[in-house]
Amino acid sequence: MALGLIFRSFTLAIGQLSDPGFRRVFLIGVALALALLIGFTAAFTWFLEWLTPEEVWLPVLGEVRWLDDLVSWGAAFLLLFLSMFLMIPVASAITSMFLDDVADAVEAKHYPSLPRTHDVSFGEALRDTVNFLGVLIGANILAIILYALFAPLTPFIFWGVNGFLLGREYFTMVAIRWVGRIEAKRLRRRFIGTIWIAGILMAMPLSIPLLNLIIPILGAATFTHLFHGLTTRPPETDSRHHPR
């Protein structure tokens, strides 16, 4: 397990966080994630309000006219609570559509002698994003149950689940640009331990407000270095920007 390579990759990624390409992807991801969560909350609340009759007769209480309002507000607060857990996976999934820009910036600065990679089509990126979003949301909802059952282990469950998923996604995203989807899966299986540990390193800041929003960017940059390190492409020491 290449712990030295993991921390070196992480350090190099942190050193490039001020890159304009990084900032652009960050702003796009956060804005779209917020819009998606707000839109879904509004639509779900409206649907429940439409589904609930304005008047209903209940034993003891008799005729009740405020049940639809109660259901609407309850749904809104429930989704607001769930969004605290879902904001990060949603932002991560959406941002993953634009992480090629981050990887390009890393490779232009640290690996300028490498040939240009194969571009991933928008349709393929969108498909991967939807799949990743579904897996992330499903896994984090199931993890909430585990949090309740094993409360003292909550941080470790959170880091383990999200570390595995983030590591898997970011490594695949970088590798597929160079070796294709089939070989990327093979490399992912080969280096699963290193990838998982690096993913946990990405997942640990997820519990820190605001800092967690840069994790998709940091993860993509870290795993770009990690991929090249694992596939015996040592990073160059020249940090000057080389256009492609």
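Residues numbered from 1 in each chain as written. Predicted model: local features only at pLDDT ≥ 70, side-chain atom pairs only at ≥ 80, totals over all residues. Heavy atoms only, no water.

Draft legend 1. Structural context of the side chain of Gln16. Secondary-structure assignment places Gln16 in the loop between helix 1 (3-14) and helix 2 (20-51). Residue classification places Gln16 among the buried positions, given a relative accessible area of 3%. Those residues in contact with Gln16 that lie beyond four places of it in its chain are Phe22, Ala105, Val106, Lys109 and His110. (Helix = DSSP H or I, 4+ residues; strand = E, 2+ residues; numbered from the N terminus. Buried < 20%, exposed > 50% of the residue type's maximum accessible area, 1.4 Å probe, protein only. Contact = heavy atoms within 4.5 Å.)

Draft legend 2. Summary view of the packing of helix 1 against helix 8 (residues 215-230). Running from amino to carboxyl end, helix 1 crosses helix 8 at an angle of 135°, the nearest separation of the two axes being 8 Å. Taken as axis vectors, helix 1 and helix 8 run oblique relative to one another. With respect to the hand of their crossing, helix 1 and helix 8 are arranged in right-handed fashion. Touching Leu5, Ile6, Ser9, Phe10, Leu12, Ala13 and Ile14 of helix 1 are Leu218, Ala221, Thr222, His225, Leu226, Gly229 and Leu230, all from helix 8. Grouping the constituent residues of the contact of helix 1 with helix 8 by class yields ten nonpolar, four polar and no charged. (Axes fitted to C-alpha atoms, helices over the stretch in contact; angles between N-to-C directions. Parallel < 35°, antiparallel > 145°, perpendicular 65-115°, else oblique. Left-handed = near helix turned anticlockwise from the far one by under 90°. Nonpolar A, V, L, I, M, F, W, Y, C, P; charged D, E, K, R; others polar.)

Draft legend 3. Representation of a nonpolar patch on the surface within the structure. Residues Leu142, Ile145, Leu146, Leu149, Phe150, Leu153 and Phe156 make up a contiguous nonpolar surface patch of roughly 710 Å² in combined accessible area. Per-element accounting of the nonpolar patch gives the leading share, four residues, to helix 5 (residues 122-149). Secondary-structure assignment places Phe150 in the loop between helix 5 and helix 6 (154-190). A relative accessible area of 41% means that Phe150 is categorised as partly exposed. (Patch = residues over 30% accessible without salt bridge, like charges linked within 9 Å, V, L, I, M, F, W, Y side chains within 5 Å. Areas by Shrake-Rupley, 256 points an atom, 1.4 Å probe, with all protein chains shown as cover. Salt bridge = Lys/Arg side-chain N within 4 Å of Asp/Glu carboxyl O.)

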